[in-house]
Amino acid sequence: MGSGGNGGIGVPSQGGTTLRLLTGAEYLTSVKALLGPLTTQLVPPTDASVAGFVSVGAGLLNVTSTAQAAYEAASLAATAEVFGDAPRWQKLVGCTPKDDLGDACVTDFIKTFGRSAFRRDLTDDEVSLWLGVAKNAAMVAGTAAQGLATMTSGLLQSTNFLYRVETNKLDGSNGRLKYDGLSMATRLSYTLSGGPPSAALLTAATSGQLDTADGLRTAAAPLLASSGVGDRMTAFFSEYAQAEEVSLVVKSQTLFPTFNAALKSSMLQSIQLFLRNVVLAPNADVRSFYDSDQAFVDANLAPFYGAQAPASGFAQVTLPPTSGRAGILGQAGVLAAQSQSDRTSPSRRGLFITGTFLCTTPMPPPPGVDTSVPPVVNMPLTTRQQLEATVKGAKCAECHSMFDPLGFALEHFDPIGRYRDTENGLAIDATGTVNGLSFDGEAQLAAILRQDARVLPCLLRNFYRHANGRAEDDKDPAQIDGMGKSLAARSFVWSSFLPDFVASDAFRSAPALPITTGSP
Amino acid sequence: MAILDDLKVSRRHALKGVLSGVGVSLWLPVLDVMCNENGTAFAQGAPFPTTFGIFFWGNGVYPGSQWTPEVTGEGNTWKLPTNLEDFANLKDHMTLVTGLDMLDAQFKGHGWGVVYVLAGGDGTICKTIADIQKSPYGSLPETAEGTQWMPTIDQLVANAVHTSEPFKSLETGVLKYTGLNMGTVGLNLAHTGPNKPLPPERDPATLFNKLLSAGAPPSTGSGTPIDVSNKLRRSVLDALLVEAKRLQMRVGSADAKRLDAHMESIRSLEQSIPTTPGNTKPAGPTCPAVTAPTAQAANVDLTKVSATSAAMNQLIASALACNMTRVYSHLWSGPRDDNHYPVINVDTEHHSLTHSGSRDVPRVAEIQKYIMSQYANLAQTLKDTPMGATNLLENTIIYGISELSEPGNHIMKDYHVVLMGHAGGKIKGNRHYRKAGRKVTELMLTLQQVMGMNVTSFGTWDKTSTTMPEILA
């Protein structure tokens, strides 16, 4: 593993420089921050999700020739648009240079644009490299605009732009690897806003302001007040809950002819509105993620939630206790995403809950276990009855008892997330126990999950992964513990916790892992 | 003014025409005059390139009457089994290898299987359940959050045979993986190393554009002549190499390797840029015009998956005919895939069905037969695409493989491998070879040698230096 997660023998790292590729979304935001709004559609290379997050994949992925071709095509398309329009590029560059690009303002442009692109000042060598590219291109193509366009397309393909370059070194006071100021500017900005640091933030970094916790808080304040942070945190919770899966699942069209692209899109939007306006609302307790009675419906979803359809768009509704729904697991989109095409799967839903919200994943069936299901007796059964009959043997039950009961709690919801009282003419049984606490249905399970001591540490562990772009290691639990204390001290309000987090060691530093030789 | 600008027909304008459905050549074709008299090689005597492909599908086969011919041998002595009947017109190009085992031929799982059949396993995890504990992510099911720990065979071949083609390897797929988290191996076939997947393209239109932009390079600005654009692109790529090299001095060994790979990608892109006006890289003997596909990605509408599949197959053929790559891998479905198949009226998921008892065996068999019909379509499309006097299928070898043998109990015994193509005459075809107890790694070693690689042993599980001369011509 890139972060040396294998443990092993070796001396602890003294720090160094690591690379995180911009994710597709970060790439697009960055290009637009540099060039302004674009009408040309840019297509960055595909992200890869590792350990649940594309930000972790970004620390490991290689740039293939296909990806490099995509970066080239995107940068050429973007610069062709901007430099094809004289007033536009002259505004960007700040002057109208002569055709040989000998003007001082060209060098100034390379320095300022390059600083925004590389998120640091360019070295003299870098300035002269790109000035050379620009002058050569202007000569070959015969125009100043083409020279500047070519140089700009190059900066947008540079490894210094495409990778977030993060540098840290051993901090004797706590034995961790502390990130330097410029690295912190980049980390702050992408984590909180999804885009590159502003010129002011870079200046704060070089002045040393980001070397202290208080300085970081001050620098983070404008980012935390901007609308970007809401988008960014909604995206995190959405990725955590695997919400986008709903747009990928396909259902049996015989059984669920209404499950079409429009409904899937409503389901995903409804989840995102819930996250942004309920879970992440100012002063909201983040544990509402698990058990809130609020939801968002449009005309497509109103029948699912037994609500009145709004005249247009989405409306926030309070779910009646009879709905049986609460929190994220009550969202139709999550239920549909975690079901099979023609039936629910309590095992699959239960594994989703244990893996995602409790951070425990049971082992696969051990060797020698016959995993084929015995023939069904010729009588109607509920999904639960069938499953219970199949796994009743001690060998299966040992593990299935860890997750099937959690899935049973969701049995009132069919494969597309609609409420049902019966299945095959038989009453649904959604009762069970978790940690000795009894529940009947999803809403009661949600209330128990909110109180479960494993749930918040698991959420924070995932946020730690997401923000730091790497899977946590055995040196990390203390940091995640600290995040839990900080969240509690902030009355579980996520927006109040964020300033503490970005100023904490959990975000300002990385563990000093042993350097292993020969690790991949 | 607008009219004057339109008259300066740059490559960029040509691209717009293509997107409206007008067919153009992806790459300048080699004229007949560039082939030798018989049309079997380039005029200079260089043989047509032998290409290497993989067709992978999830969830195994059913050894027995549906999959295993009763007799072994060549020519008319053996008959296609039920599930391979769609290869009737292609039997001459098929080498069916059955009876192969993995390790001790006992229960393993989808994750172990895919690590084995694509990369020859690895030395550290997944050999036994206890070994999974060594994963840096802790206790995990199969390879969930896991990955290929060695480069997959397509990448080994690509490293050896790639010259100046725009794509060192081409990754395509059809069904988007659905089901239990299988880490990077669910969604991706090709890997260059752990957590280094090369994601496949599953949308025909996006693949088309990707091939097109490699064939007809992006313009650096409207109205810029193509040879000027190309000079400018090269100057930028040179500068990128300088920067990457400088950055490489500052980072640790893992990131230094990533930058090595990145620089190789930059060089490969640079090599694909023509150096003289009007003379592009050497292309295949015939480079057919392709029309922008109208089929959508399979997950948009599973009932139309056959159209998606046919469109992808056509684009793979075009890429090979235009010499855009020598290595291709096609991920029909991932290991343990749980898609369903409304196109043949099977509304329950593939993987779930394999574990729902003997009553569902016929439905799984229908899915397998359908997948094989799509593999046959790929082979037929290659056969229908001329290459000099022969065709693409003559000059390729496709490794058709699933991660398992019998899926209900995950038994790693009696793998069935469907090889297609004559590899430029090195593999005879029309043969069923079966020998119980031989290993998949032996076949994988043989395939690498067929591709001209100088390797004498292969695999970390079932490491072997034994080959299978029985399947060679």
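Since the model is a prediction, treat every value here as computed from it, not as a measurement.

(A) Looking closely at the overall build of chain B. Within chain B, the regular secondary structure consists of 13 helices and 14 strands. Residues counted as buried form 58% of the 473 residues belonging to chain B. For chain B, the proportion of contacts with a sequence separation of at least 24, taken over those separated by at least 6, is 74%.

(B) The arrangement of the overall build of chain A in detail. The number of helices and strands found in chain A is 25 helices and ten strands. Counting only C-alpha atoms and orienting by the principal axes, one finds that chain A spans roughly 85 × 55 × 45 Å.

(C) Region of interest: the confidence of the model for chain B. Residues and elements named next belong to chain B. Here chain B averages 81 in pLDDT, and 79% of its residues register 70 or above. Here residues 1-36 scores under 50 on pLDDT; set against residues more than four positions off or in separate chains, the count is 59 contacts. Low pLDDT, under 50, characterises residues 125-145; the predicted model gives this stretch 54 contacts beyond four residues in sequence or across chains. Scored as a complex, the prediction yields pTM 0.74 and ipTM 0.91.

(D) Expanded view of the nonpolar core. Ranked by internal contacts, the top residues of the largest apolar core, which has 99 residues, are Ala379, Val417 and Leu419 of chain B. Ranked by size, the runner-up nonpolar core spans 90 residues in total, among them Leu192, Leu202, Val286 and Phe507 of chain A.

(E) Fine view of the sheet that holds strand β4 (residues 94-100) of chain B. All names here are of chain B. As summarised here, the arrangement of the eight strands in space is β3-β14-β4-β13-β12-β2-β9-β5, forming an open sheet in which the pairing is mixed. Looking at strand neighbours, the two that pair on one side only are β3 (73-74) and β5 (170-173), the edges of this open sheet. Here strand β2 (residues 51-57) pairs with strand β9 (residues 327-331) via five bridges, running parallel. Following the sheet pairing, Gly53 is matched in β9 by Tyr328. Its contacts with the sheet place helix α10 (residues 305-321) against β2, β5 and β9, and it is angled at close to 170° to β5.

(F) Fine view of unusual backbone geometry. Residue and element names in this part refer to chain A. Although it is not a glycine, Asn435 sits at a positive phi angle of roughly 50°. Looking at the element boundaries, Asn435 is found in the loop between β8 (431-434) and β9 (437-440). Despite not being glycine, Phe492 shows a phi value in the positive range, around 65°. Among the secondary structure elements, Phe492 is positioned in the loop between α23 (477-489) and α24 (494-502). The partly exposed category is assigned to Phe492, around which 16 C-beta atoms lie within 10 Å.

(G) Broad picture of the environment of Gly357 of chain B. Residues and elements named next belong to chain B. With respect to the helices and strands, the residue Gly357 is situated in the loop between α11 (350-354) and α12 (361-383). Classification of Gly357 as partly exposed rests on a count of 15 C-beta atoms within 10 Å. In this structure the C-alpha to C-alpha distance between Gly357 and Gly408, which are 51 residues apart in sequence, comes to 7.7 Å.

(H) View of the packing of helix α11 (residues 213-225) of chain A against α24 of chain A. Residue and element names in this part refer to chain A. Closest axis-to-axis distance for the α11/α24 pair is 9 Å, and the angle between their directions is 140°. Viewed along their axes, α11 and α24 adopt a mutual orientation that is oblique. Handedness of the crossing formed by α11 with α24: right-handed. Contacts between α11 and α24 involve Leu216, Arg217, Ala220 and Leu224 from the former and Leu498, Pro499 and Val502 from the latter.

(I) Region of interest: the domain arrangement of chain A. According to the domain assignment, chain A contains domain 1 (15-161) and domain 2 (245-368 + 380-451). Each of domain 1 of chain A and domain 2 of chain A has a C-alpha centre, and the two are 45 Å apart.

(J) Quick look at the sheet that holds strand β2 (residues 163-171) of chain A. All names here are of chain A. Ordered in space as β1-β2-β3-β10, the four strands form an open sheet in which the pairing is antiparallel. Edge positions in the open sheet fall to β1 (15-21) and β10 (509-510), since each of these has one partner strand only. Set on the sheet, helix α9 (residues 181-193) makes contact with β2 and β3 (176-179); between it and β2 the angle comes to about 125°.

(K) Spotlight on the confidence of the model for chain A. Per-residue pLDDT for chain A averages 91, and the proportion of residues at 70 or more is 94%. Scored below 50 in pLDDT, residues 1-8 of chain A makes 24 contacts in the model with residues more than four places away or belonging to other chains.

(L) The pairing of β8 of chain A, seen in detail. In this sheet, β9 of chain A lies alongside β8 of chain A in antiparallel orientation, the contact comprising four bridges. Across the sheet, the residue bridging to Gly432 of chain A is Phe439 of chain A, located in β9 of chain A.

(M) Structural context of helix α12 (residues 228-240) of chain A. Residues and elements named next belong to chain A. Relative to the 18 Å expected for 13 residues at 1.5 Å per residue, α12 spans 18 Å between its end C-alpha atoms, a close match to the ideal helical length. Among all positions of α12, only Val229, Arg232, Met233, Thr234, Phe236, Phe237 and Tyr240 are buried. A positive phi of about 55° marks Gln242, the residue just after α12.

(N) How the structure looks around the pairing of strand β14 (residues 431-434) of chain B. All names here are of chain B. Where β3 lies against β14, two bridges are found, and the strand directions are antiparallel. Within β14, the residue paired with Glu74 across the bridge is Arg431. Inspection of the sheet shows β4 paired to β14 by four bridges, in the parallel sense. In the strand pairing of β14, Thr95 is matched with Arg431.

(O) Region of interest: the environment of Phe52 of chain B. Residue and element names in this part refer to chain B. Take Phe52: it is sitting in strand β2. By C-beta crowding, Phe52 is classed as buried, having 29 other C-beta atoms within 10 Å. Phe52 sits 346 residues away from Ile398 along the chain, and the two C-alpha atoms are 6.0 Å apart. Every residue in contact with Phe52, bar those within four places of it in the chain, is listed here: Asp154, Val157, Arg326, Val327, Ile397 and Met451.

(P) A look at the packing of helix α3 (residues 65-83) of chain A against helix α7 (residues 144-155) of chain A. Residues and elements named next belong to chain A. In contact at an axis separation of 9 Å, α3 and α7 are set at 145° when each is read in the N-to-C sense. Here the hand of the crossing between α3 and α7 comes out right-handed. Every residue of α7 that contacts α3 at Ser75, Leu76, Thr79, Ala80 and Phe83 is listed here: Ala145, Leu148, Ala149, Thr152 and Ser153. Considering only residue class, the contact of α3 with α7 consists of six nonpolar, four polar and no charged.

(Q) Spotlight on the environment of His350 of chain B. Residues and elements named next belong to chain B. Tracing the sequence through the fold places His350 in helix α11. On the basis of neighbour count, His350 is assigned to the buried category, with 26 C-beta atoms found within 10 Å. Each C-alpha atom, one on His350 and one on Pro407, is 10 Å from the other, the two residues being 57 residues apart in sequence. Ignoring any residue separated from it by four or fewer positions in sequence, one finds His350 in contact with Gly58, Asn59, Asp337, Asp338, Asn339, His340 and Ile367.

Conventions adopted
Residues numbered from 1 in each chain as written. Chains lettered and ligands numbered in written order. Predicted model: local features only at pLDDT ≥ 70, side-chain atom pairs only at ≥ 80, totals over all residues. Helix = DSSP H or I, 4+ residues; strand = E, 2+ residues; numbered from the N terminus. Buried ≥ 20, exposed ≤ 12 C-beta atoms within 10 Å, placed from the backbone. Contact = placed C-beta atoms within 7 Å. pLDDT = per-residue confidence, 0-100. Core = buried A, V, L, I, M, F, W, Y, C linked by C-beta atoms within 7 Å. Pairing = 2+ DSSP bridges. Axes fitted to C-alpha atoms, helices over the stretch in contact; angles between N-to-C directions. Parallel < 35°, antiparallel > 145°, perpendicular 65-115°, else oblique. Left-handed = near helix turned anticlockwise from the far one by under 90°. Domains from an automatic or database assignment. Expected span 1.5 Å × (residues − 1). Nonpolar A, V, L, I, M, F, W, Y, C, P; charged D, E, K, R; others polar.

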